Amino acid sequence: MLSLSGCANTGDECGVVPLPGGMGQTPPLLSLEVPAELQVQPSLNSTCEGPDTSQVPDSITAEVFDPNNHAVAAEASLTGNGQAATVRFTPTTTGRHHVRVAFAPVGSLQQFGAYVSRAWTGGAPTVLPLPRCTQLDRTTHGTWLCDGVAVHASNGTQTPLGGVSGMPDVAVAGDVVWVVGEDRVRRFVDTGSELELTGSLLLNQRDTVKVIQNRLATAEELWVLDSERLHRFAFTSEGVVIGATPTPWGRVNQLPFGVDMVLGLLVRLGPDTVSVIQVTQEPDSRACTFRLGPSGAFVASEAPCQRLPGVPAGIEDGAVWTRVDTLLLPQPGQTLYRWAAVDGALTERGTLVVDAPLELVSAPLRPGFAIPFLQWRQSRVGSAVPVPPESQGPLGLELLPGNADLSPGLRTLSPRFYWEAGGGQGLGGTRVYERRASSLK
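- An unreviewed UniProt entry lists the protein under the name Lipoprotein, with Myxococcus virescens given as the organism.

Next up, the structure:
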């Protein structure tokens, strides 16, 4: 049961009208195809001793609309001698539902969002005997890559891929593993029993990679965005790793963004085209296109950069997520957008309005692909992942598995996996859940 007091047309004479949800209530994550019952309070004149019970509503009407603005059959009734109301409906679509409750002759109009999630559709957990991974992926043969350590599926042995200078940067494409670190780019192939080194390039002063912001990988190419330049490394038919001349990409005054202060992100627009995402002063994002030139290096496109609302909150191989925060009371909230690469440009592929007391949790973007998720602001009792629609439209929701009591910093969501700290004794391992494969752009 969910207790809500929505956005009222009148105020409270003895304090601020409470935000939707209230303290200690069940989180507003309703279940798909399960009857929902919402408790809604009217806006009544109050003294410091409580509401004025001499004037209470004697009638109520309620409307519920699904994320596509289609009306949902709903029932409403007054309870508690008119000081509350119950709204009942059965959701058939996931995502944000808009609820309107009108009290008469007093009580005003209450409006709020109710969020519906489907059950987790992914797999059961796998426990890795490593501290919670910051950078995580898996090859087709099943070898896990966690913060520069390979955990082989065949025998569970661990192979560190880094050297004495610290954790390397790793990118996985099928059974190919690219490793950047110690002024060297290496390419491995997972044979099922080991990672076989197939090529290595010692970086000279021209090609050296500085602080890595983002990367994209295929079996034959690795694109790396560092703090100043866009690099391209390729594995030739002769079995050699080569590097093209790096291309400067940023402006003089770059604005960092995200929880880990990223300067730029890469979104693949095509086999030879990439978009570099930056943040402007507004603040909004801009996506600037780079294409491979005759020399094999990237060249900035002459076309103007595309403007995206908000700042980046998630990144995929061919998509970027942005969020717009609204801090105005009494209804602070956020709007989430997903932009997918379609025909050489970024096209909106899903939106979601997030009302308080729900909030978006943005993961660190520097380690690799990451997707934001929703959680209950006042208590960690449930989280959901936004699910893109088949085409342009509202985002759906799916419940996340695992330990909801963990802080957001110990939980990460990518297009392929959800993982969190724990899984063994104490918090010494990483528990990984594989997500259901999606064919969406």
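**What about the nonpolar core?**
Item 1. In terms of nonpolar packing, the biggest core is built from 22 residues, with Leu352, Leu374, Leu400 and Leu413 touching the most fellow members.
Item 2. Elements with a minimum of two residues in this core: β34 (345–355), β35 (358–361), β36 (373–376) and β37 (383–387).
Item 3. If sequence neighbours within four positions are ignored, leucine 413 has contacts with Phe369, Ala370, Ile371, Pro372, Phe373, Val385, Leu400, Tyr418 and Arg435.
Item 4. In this structure, Phe257, Leu346, Ala363 and Leu365 belong to the second largest nonpolar core, which totals 18 residues.

**Concerning the environment of glutamine 278**
Item 1. With respect to the helices and strands, the residue glutamine 278 is situated in strand β27 (residues 273–279).
Item 2. Judged by its relative accessible area of 3%, glutamine 278 is buried.
Item 3. Each C-alpha atom of the pair glutamine 278 and proline 256 lies 8.4 Å from the other, and the pair is 22 residues apart in sequence.
Item 4. Excluding residues that lie within four positions of it along the chain, glutamine 278 makes contacts with Trp249, Gly250, Arg251, Leu263, Asp284, Ser285, Arg286 and Cys288.

**Notes on the sheet that holds strand β6 (residues 59–65)**
What holds strands together in a sheet is hydrogen bonding between their backbones, with the strands either parallel or antiparallel.
Item 1. One open sheet holds the five strands; their spatial order is β2-β11-β10-β6-β7, and the pairing between them is mixed. Since the sheet does not close on itself, it has two edges, and those belong to β2 (29–31) and β7 (71–72), each with one partner.
Item 2. By the bridge criterion, three bridges tie β2 to strand β11 (residues 109–117) in an arrangement that is parallel. For leucine 30, the partnering residue across the bridge sits in β11 and is valine 116.

**Quick word on the packing of aromatic side chains**
Item 1. For the coordinates displayed, the defined rule picks out five aromatic pairs.
Item 2. A centroid spacing of 5.1 Å and a plane angle of 90 degrees characterise the contact between tryptophan 223 and phenylalanine 298, whose relative ring orientation is edge-to-face. Of this pair, tryptophan 223 sits in strand β22 (residues 221–226) while phenylalanine 298 sits in strand β29 (residues 298–300), and the two are 75 residues apart along the sequence.
Item 3. Relative accessible area serves as the criterion here: at 1%, tryptophan 223 is assigned to the buried category.
Item 4. Each ring, one from tyrosine 418 and one from tyrosine 433, has its centre 6.0 Å from the other, and the planes form 35 degrees; the classification is tilted. Within this pair, whereas tyrosine 418 is found in strand β40 (residues 417–421), its partner tyrosine 433 is found in strand β41 (residues 430–434), the two being separated by 15 residues in sequence.
Item 5. For tyrosine 418, a relative accessible area of 0% corresponds to the buried category.
Item 6. Given a relative accessible area of 7%, tyrosine 433 falls into the buried group.
Item 7. Residue placement shows arginine 187 over the ring face of phenylalanine 235; its charged tip is 3.9 Å from the ring centre.

**Concerning the sheet that holds strand β12 (residues 125–128)**
Item 1. Overall, antiparallel pairing links the four strands, which are arranged β12-β41-β40-β39 in an open sheet. The sheet is open, and its two borders are formed by β12 and β39 (411–413), each paired with just one other strand. Here the strands of the sheet are splayed against their neighbours by 20 degrees on average, with no regard to which way each runs.
Item 2. Pairing of β12 with β41, which is carried by four bridges, proceeds in the antiparallel orientation. Counterpart to leucine 128 in the pairing with β41 is threonine 430.

Rules used throughout
Residues numbered from 1 in each chain as written. Predicted model: local features only at pLDDT ≥ 70, side-chain atom pairs only at ≥ 80, totals over all residues. Heavy atoms only, no water. Core = buried A, V, L, I, M, F, W, Y, C linked by side-chain atoms within 4.5 Å. Buried < 20%, exposed > 50% of the residue type's maximum accessible area, 1.4 Å probe, protein only. Helix = DSSP H or I, 4+ residues; strand = E, 2+ residues; numbered from the N terminus. Contact = heavy atoms within 4.5 Å. Pairing = 2+ DSSP bridges. Phe/Tyr/Trp six-rings, centres within 6.5 Å; stacked < 30°, edge-to-face > 60°. Lys NZ or Arg CZ within 6 Å of the ring centre and 35° of its normal. Axes fitted to C-alpha atoms, helices over the stretch in contact; angles between N-to-C directions.

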